[in-house]
Amino acid sequence: MNAILVASNRGPVSFTLSEDGSLSMRRGGGGLVSGLSAVARDLGVLWVCAALSDGDRGAVRLAPGGRLDQAGYDTGALRMLDIPPATFHRAYNAVANSTLWFVHHLLYDTPNRPHFDARFRREWESYQAYNEAFAMALAEEAPHEARVMVQDYHLSLVPAMLRGVRPDLRVAHFSHTPWAPPEYFALLPDDVAAELLEGILGSDHAGFLTARWGTSFMDCCRSVLGASVDPAARTVTHAGRTTRIGAHSLGVDGKALWARACEPDVESHMSALRAQVGDRRLIVRIDRTELSKNIVRGLAAYREFLAAHPEWHGRVTHLAFAYPSRHDLPEYREYTAAVQRCAKEIEDEYATEDWDPLILNVDDDYPRSLAAYRLADVLLVNPIRDGMNLVAKEGPILSPGSALVLSREAGAAAELGEHALTVNPYDVSATAAALHEGLTMPEGERTRRGGLLAAAATALPPHRWFAEQLDALA
């Protein structure tokens, strides 16, 4: 039996079903998986996750009790839950990604959305059922007094549900997103807002990526629940229980990242990119086409930079890697199309026979992303709002001589802002000016700042980040 359990929507591996019916396994995607996979294996953690695809469900059905490690797969200790597809879709797409994500990232077009009606109530019931499936699986798997680490906004109700059936367990919840301030959190139906807060308060320790997000959570507990909040002790007391609030800023394992970035496939991409752009200076961005990442305003800032500084024409190229995200949601398909339209407008206005001012790539390619980091002169990270943003931390490690243009609304700004060129993500003109400042910054200053950025980015690598939270449950 495992003394430490992790629960998350996405697991460390995913499966693809081929035409001949065979299953192939690969590493799961996303920053959470990247941060936790090595830690989980090293500590012998039992990971509980959801089956996300037909391939995942096929693998689960061949595994006793969904335990893939007991079915011959090299996954580490892993239980995958085969939640009914309709329930999963409503919980994941309609509630987690179309409601909670929008609330915490302040993304709603409020004259038109949200719209909480009878349909939403059915979707909320699916979210409850989805969380209950996780809580029951954790209750079945956990030995007496085990420590359970519940991850992210998909599973906000699990701590309270789990405590109801297994009060002996030590439970932590960690939010990888920002947390909305009370006035925006109040967009949610009153009972839903209360249930979300009470769900997380079922944990002994609630962790956030920055103190700012933790403070917003405490403010919501005071406003919505009338809970007793101690800002100095960082605790919330409600319904006879006290939950500690912690800030744990997930960093990067610099040595592991450098080792991966020096492998032959990355070197090959570096050669190809350098052949494509020549000796031009490079402004790099690497993101998913996620609404909160603010790619369109970033492209608009680059366009304004080119308009204001004709001396850079032919001397700089913007590598914009914008990988597909959540294309089952119409807002995301529309946003991807807007990114492509904006990129084409820049090309049409400024491209010449021997100069591509912008190279947009929408095909996910991790080795190519690492190559772009290594070649960057300026890294652009301008999200509207972000829990942390690991791109802002990976870039300075792989290109210590580059300048970082960083949104003040990224959680990473709490650690990196002093040494970055910090911008208001809505101010296109200020972002354009920061791009120019980054390109013209003296090399010695860029190197000085880069060293400080890299040191901050590696201050709390995944092993230490996870250990901090385990210690908080001691």
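Preceding this section is the structure that the text describes.
Scope of this entry: the structure provided in the associated data block. What you are looking at is a predicted structure, and each value in this text was computed from that prediction instead of being measured.

## A short note on the packing of aromatic side chains
Per the stated rule, a full pass over the model turns up 17 aromatic pairs. Judged by centre distance (6.4 Å) and plane angle (25°), the rings of phenylalanine 120 and tryptophan 124 are stacked. With phenylalanine 120 and tryptophan 124 both in helix 4 (residues 118–141), this residue pair falls four residues apart, about one helical turn. Among the residues examined, phenylalanine 120 registers a relative accessible area of 4% and is labelled buried.

## Comments concerning the packing of helix 9 (residues 254–261) against helix 14 (residues 391–398)
One can describe the packing of helix 9 onto helix 14 by two numbers: an axis separation of 10 Å at closest approach and a directional angle of 65°. As summarised for this structure, helix 9 and helix 14 are arranged roughly perpendicular, according to the angle between their axes. You can see that helix 9 and helix 14 cross each other, and the crossing is right-handed. On helix 14, the residues touching Gly254, Leu257, Trp258 and Ala261 of helix 9 are Glu394, Ile397 and Leu398. The class makeup of the residues in the contact of helix 9 with helix 14 is five nonpolar, one polar and one charged.

## Topic: the side chain of asparagine 131
In this structure, asparagine 131 sits in helix 4. Judged by relative accessible area, asparagine 131 falls into the buried class, the value being 0%. Reaching out from asparagine 131, the side chain makes a polar contact with the backbone nitrogen of leucine 157 at a distance of 3.0 Å. Once residues lying within four places of it in the same chain are set aside, the contact partners of asparagine 131 are His154, Leu155, Ser156, Leu157, Val158 and Met161.

## Notes on the pairing of strand 12 (residues 281–288)
Among the eight residues in strand 12, six count as buried, and that is most of the element. Pairing geometry for strand 12 and strand 13 (residues 316–323), over eight bridges, is parallel. Each residue of the ladder has a partner; that of arginine 285, found in strand 13, is alanine 320. Pairing geometry for strand 12 and strand 15 (residues 378–381), over two bridges, is parallel. Residue pairing for strand 15: isoleucine 283 is matched across the bridge by valine 378.

## What about unusual backbone geometry?
In this structure, proline 114 follows arginine 113 across a cis peptide bond, with omega equal to 10°. A positive phi angle, near 60°, is found at glutamate 145, a position not held by glycine. Among the structural elements, glutamate 145 can be located in the loop between helix 4 and strand 6 (147–151). Its identity as a non-glycine residue notwithstanding, asparagine 389 has a phi of 95°, on the positive side.

## Digging into helix 14
Within helix 14, eight of the eight residues are buried, which leaves it mostly tucked inside the rest of the structure. All of the buried residues in helix 14 are Val391, Ala392, Lys393, Glu394, Gly395, Pro396, Ile397 and Leu398.

## Some words on the state of the cysteines
Under the defined criterion, the tally for this structure stands at zero disulfides. Looking at cysteine 221, it has no disulfide partner, and the nearest cysteine sulfur is the one in cysteine 220, 7.1 Å off.

## Observations concerning the layout of surface pockets
In this approach the atoms are scanned with a rolling probe the size of a water molecule, which exposes any empty space left behind. One number sums up the size of the second largest pocket: a volume of about 470 Å³. Lining the second largest pocket are 20 residues, with Ala94, Ser98, Arg113, Arg119 and Glu123 sitting closest to its centre. If you list the elements that add at least two residues to the lining of the second largest pocket, you get helix 3 (85–104), helix 4 and helix 12 (330–350). Element by element, the count of residues in the lining of the second largest pocket is highest for helix 3, at six residues. Class assignment of the residues belonging to the lining of the second largest pocket gives a composition of seven nonpolar, five polar and eight charged.

## Digging into the sheet that holds strand 5 (residues 78–81)
Read across the sheet, nine strands follow the order 5-4-1-6-7-8-11-10-9 without closing on themselves; strand pairing throughout is mixed. Both edges of this open sheet fall to strand 5 and strand 9 (228–230), since each of them pairs with a single strand only. Averaged over all pairs of adjacent strands, the angle between strand axes in this sheet comes to 20°, irrespective of strand direction. Both strand 6 and strand 7 (residues 170–175) contribute to a ladder of five bridges, which runs parallel. Residue pairing for strand 7: methionine 149 is matched across the bridge by alanine 172. In this fold helix 18 (residues 462–472) packs onto strand 1 (4–7), strand 6, strand 7, strand 8 (205–208) and strand 11 (241–247), with an angle of close to 125° to the strand it touches most, strand 6.

## Let's talk about the nonpolar core
Counting 162 residues, the largest nonpolar core has Phe134, Phe185, Tyr302 and Phe466 as the members making the most contacts within it. If near-sequence neighbours (up to four positions away) are discounted, tyrosine 302 is found in contact with Ile283, Val316, Thr317, His318, Ile346, Trp355, Pro357, Leu358 and Leu435.

## Structural notes on the pattern of salt bridges
Under the definition given, this model contains 30 salt bridges. The shortest N-O distance in the salt bridge between lysine 393 and glutamate 415 comes to 2.9 Å. Taken as a pair, lysine 393 in helix 14 and glutamate 415 in helix 15 (residues 413–416) lie far apart in primary sequence, 22 residues in all. Residue classification places lysine 393 among the buried residues on the basis of a relative accessible area of 0%. With a relative accessible area of 26%, glutamate 415 lands in the partly exposed category. Residues joined by salt bridges that share partners form a network here, namely Arg67, Asp69, Arg79, Glu140 and Glu141.

## Re the side chain of glutamate 123
As for its placement among the helices and strands, glutamate 123 is situated in helix 4. The residues contacting glutamate 123, other than those within four sequence positions of it, are Arg90, Ala94 and Val95.

## Quick notes on the sheet that holds strand 16 (residues 403–407)
Pairing between the strands of a sheet comes from backbone hydrogen bonds, and it takes one of two forms, parallel or antiparallel. Read across the open sheet, the six strands follow the order 14-13-12-15-16-17; overall the sheet is parallel. Edge strands, defined here as strands with exactly one partner in the open sheet, are strand 14 (358–361) and strand 17 (421–423). The sheet shows a mean angle of 15° between the axes of neighbouring strands, direction not considered. Each of strand 12, strand 13, strand 14 and strand 15 touches helix 13 (residues 366–375); the most contacted strand, strand 13, lies at about 150° to it. Where helix 14 meets the sheet, its contacts fall on strand 12, strand 15 and strand 16, and the angle it forms with strand 15 comes to roughly 175°.

Rules of the game
Residues numbered from 1 in each chain as written. Predicted model: local features only at pLDDT ≥ 70, side-chain atom pairs only at ≥ 80, totals over all residues. Heavy atoms only, no water. Phe/Tyr/Trp six-rings, centres within 6.5 Å; stacked < 30°, edge-to-face > 60°. Helix = DSSP H or I, 4+ residues; strand = E, 2+ residues; numbered from the N terminus. Buried < 20%, exposed > 50% of the residue type's maximum accessible area, 1.4 Å probe, protein only. Axes fitted to C-alpha atoms, helices over the stretch in contact; angles between N-to-C directions. Parallel < 35°, antiparallel > 145°, perpendicular 65-115°, else oblique. Left-handed = near helix turned anticlockwise from the far one by under 90°. Contact = heavy atoms within 4.5 Å. Nonpolar A, V, L, I, M, F, W, Y, C, P; charged D, E, K, R; others polar. Polar contact = N/O pair within 3.5 Å; in protein donor to acceptor, adjacent residues only side chain to side chain. Pairing = 2+ DSSP bridges. Disulfide = S-S within 2.5 Å. 1 Å grid on protein atoms, 1.4 Å probe; cavity = no way out; pocket = protein on both sides within 12 Å on 5 of 7 lines; lining within 4 Å. Points joined across faces, edges and corners; volume = space filled by probe spheres on them. Core = buried A, V, L, I, M, F, W, Y, C linked by side-chain atoms within 4.5 Å. Salt bridge = Lys/Arg side-chain N within 4 Å of Asp/Glu carboxyl O.

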